[in-house]
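# Overview (structure and organization)
For reference, the chains in residue letters:
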Amino acid sequence: MARVIVTGAAGFIGSQLVDRLIQQGHTVVGIDNFVRGREENLASASTSERFSFVRADLADIEAVTAGLAPVLAAGTFDWVWHFAANSDIPSGVADPSIDLRDTFLTTFNVLKLMRGHAIKAIAFASTSAIYGVKPGRIREDAGPLFPISNYGAMKLASEAIIGAAMESFLDRAVIFRFPNVVGSRGTHGIIFDLLQKLKLRPPSLEVLGDGTQCKPYLHVSELLDALFFIQKTAPERLACYNIGPLDDGATVGFIAAAVLRAAGSTIPLRYTGGDRGWVGDVPRFQYSTDKLGELGWEPRLSSQAAVEKACDEVARENGF
Ligand SMILES: NC(=O)c1ccc[n+]([C@@H]2O[C@H](COP(=O)([O-])OP(=O)(O)OC[C@H]3O[C@@H](n4cnc5c(N)ncnc54)[C@H](O)[C@@H]3O)[C@@H](O)[C@H]2O)c1
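Since the model is a prediction, treat every value here as computed from it, not as a measurement.

## Here's the deal with the sheet that holds strand β7 (residues 172-178)
Picture the strands of a sheet paired through backbone hydrogen bonds; they go either parallel or antiparallel. The 7 strands are arranged β3-β2-β1-β4-β5-β7-β12 in an open sheet whose pairing can be described as parallel. The open sheet has two edge strands with one neighbour each: β3 (51-55) and β12 (238-242). Here the average twist between neighbouring strands, direction ignored, is 15°. As paired elements, strand β4 (residues 79-82) and strand β5 (residues 121-127) share 3 bridges and run parallel to each other.

Given below as structure tokens:
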């Protein structure tokens, strides 16, 4: 059984990763500063004696080093799953220092800490946002890459610095490029945002863009299956995989209708217009998951099925 650090442990995906790692019998130390994470996401993990938690800002290396000192004294770690980042992409477009700090500096500091304590393997939550706007089914080796959000740019820089660390002290790195991930504990993204608007009981539901934006969606439960499959199976020392559904995605119009169904609402939709919802929004993209398919994994749920399942889960969690 491994000793594992999970950053972003109180977040939507990180907390579910923690639960799975504990179920698998590993010893887990979670780190989060609760900028977006929630204490209740760690309720189940906290009942395990193999889980401990450090509340610290990963952008502050001294605070993290001090917070981790007691657990590091008990022995080093086999893996870091680095999932802390800014997940509010529009906020990072408005203020670039947010992604510099929470998306890049967190990675820089995690690597510094790993180097200092001879932790030699990292699993990193990257994103399809690194690809920017590119035509066709984008493969992992596509380039040159020009992301259109600071979030995408700082994730790409994080991938680069992990690659450089392979030359000096890392034995293994697994970079996962996620699509849009949906499901229980979601606290951001289109499903959550539309449900927050519905809570205010508006006469119509405002939807950003013209409804035709179309992206691939994966349910968080299947994402986690893919992460563990890649970590165990990928042959490369520095592995990099797109993860996503087999279809071309679900449109914003489809998602808005699914949210209304899940919330039991019949109010009309009101589109703000334009082909993208906000600055930094990639209106449509498709990427190739052939590499992951060849490795032997594919999801069971389509984008639309993942969205519908997530709408039911998130609507229930938000009191609908
Ligand atoms: N949800 C998606 O659709 C999606 C898509 C692509 C990539 N990702 C990546 O997956 C990872 C998890 O995303 P999520 O959707 O669970 O988001 P999330 O916001 O729920 O989780 C991120 C966690 O990181 C924590 N965090 C942020 N800055 C920190 C800092 N400076 N110090 C300590 N903790 C900090 C937040 O409090 C939060 O709990 C992120 O790296 C994100 O970029 C998510």
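## Regarding the nonpolar core
Formed by 40 residues in total, the largest nonpolar core has its most connected members in V6, W81, F176, F178, L227 and I243. Counting only elements with at least two residues in this core, the list comes to β1 (3-7), α1 (12-23), β4, β5, β7, α7 (220-233) and β12. When sequence neighbours within four positions are dropped, the list of residues in contact with L227 reads W81, F83, F176, F178 and I243. The next biggest cluster of nonpolar side chains, apart from the first, holds 28 residues, and it includes V64, V110, A165 and A173.

## Focus on the site of the ligand
Surveying the vicinity of the ligand reveals 31 residues, the closest of which are I13, D32, S87, Y151 and K155. One nitrogen or oxygen atom from the side chain of K155 is found 2.7 Å from an oxygen atom belonging to the ligand. Within the complex, the protein chains bury 97% of what would otherwise be the 820 Å² of accessible surface of the ligand. For the shell around the ligand, the elements supplying multiple residues, two or more each, are α1, α4 (97-116), β5, α5 (150-168) and β8 (180-182). In the shell around the ligand, the residues fall into 16 nonpolar, 10 polar and 5 charged.

## Thoughts on α1
Within an α-helix, residues lying three or four positions from one another point in the same direction, as the helix has 3.6 residues per turn. With 12 residues, α1 extends 17 Å between its outermost C-alpha atoms, agreeing within 8% with the 16 Å of an ideal straight helix rising 1.5 Å per residue. Summarising burial for α1: 11 of the 12 residues are buried, a large majority. Along α1, the positions that sit buried rather than exposed are F12, I13, G14, S15, Q16, L17, V18, D19, R20, L21 and I22. Just downstream of α1, G25 is the residue with a positive phi angle, here 100°.

## Looking at the environment of K120
With respect to the helices and strands, K120 occurs in the loop between α4 and β5. For K120, a relative accessible area of 35% corresponds to the partly exposed category. When sequence neighbours within four positions are dropped, the list of residues in contact with K120 reads F169, L170, D171 and R172.

## Quick notes on the pattern of salt bridges
Taken as a whole, this structure holds 12 salt bridges when the rule is applied. Salt-bridge contacts for R20 lead to D225; the nearest nitrogen and oxygen are separated by 2.8 Å. Taken together, the residues R20 in helix α1 and D225 in helix α7 connect sequence positions 205 residues apart. Ionic pairing is found between R101 and D102, a salt bridge with its closest N-O pair at 3.4 Å. Take R101: its relative accessible area is 37%, and that puts it in the partly exposed class.

## Re the packing of α4 against α5
With their axes 8 Å apart at the nearest point, α4 and α5 run at an angle of 15° to one another. When the axis of α4 is compared with that of α5, the two are roughly parallel. Every pair of crossing elements has a handedness; the one defined by α4 and α5 is right-handed. Contacts between α4 and α5 pair D99, L100, T103, F104, T107, F108, L111 and R115 from the former with N150, Y151, M154, K155, A157, S158, I161, I162, A165 and S168 from the latter.

## A few points about the packing of helix α6 (residues 190-199) against helix α8 (residues 252-263)
Two elements in contact, α6 and α8, have axes separated by 10 Å at closest approach and are oriented at 50°. In terms of orientation, α6 lies oblique with respect to α8. As for the relative orientation of α6 and α8, their crossing is right-handed in sense. Residues I190, I191, L194, L195 and L198 of α6 touch α8, and the partners they reach there are V252, I255, A256, V259, L260 and A263. Across the contact of α6 with α8, the residue classes break down as 11 nonpolar, no polar and no charged.

## Digging into the environment of D248
On the secondary structure map, D248 appears in the loop between β12 and β13 (250-251). Sequence separation between D248 and G143 is 105 residues, and the spatial gap between their C-alpha atoms is 21 Å. At 2.9 Å, the side chain of D248 and the side chain of R137 are in polar contact. In this structure the side chain of D248 is engaged in a polar contact, spanning 3.3 Å, whose partner is the side chain of Q286.

Rules of the game
Residues numbered from 1 in each chain as written. Predicted model: local features only at pLDDT ≥ 70, side-chain atom pairs only at ≥ 80, totals over all residues. Heavy atoms only, no water. Pairing = 2+ DSSP bridges. Helix = DSSP H or I, 4+ residues; strand = E, 2+ residues; numbered from the N terminus. Axes fitted to C-alpha atoms, helices over the stretch in contact; angles between N-to-C directions. Core = buried A, V, L, I, M, F, W, Y, C linked by side-chain atoms within 4.5 Å. Buried < 20%, exposed > 50% of the residue type's maximum accessible area, 1.4 Å probe, protein only. Contact = heavy atoms within 4.5 Å. Near = heavy atom within 4 Å. Polar contact = N/O pair within 3.5 Å; in protein donor to acceptor, adjacent residues only side chain to side chain. Areas by Shrake-Rupley, 256 points an atom, 1.4 Å probe, with all protein chains shown as cover. Nonpolar A, V, L, I, M, F, W, Y, C, P; charged D, E, K, R; others polar. Expected span 1.5 Å × (residues − 1). Salt bridge = Lys/Arg side-chain N within 4 Å of Asp/Glu carboxyl O. Parallel < 35°, antiparallel > 145°, perpendicular 65-115°, else oblique. Left-handed = near helix turned anticlockwise from the far one by under 90°.

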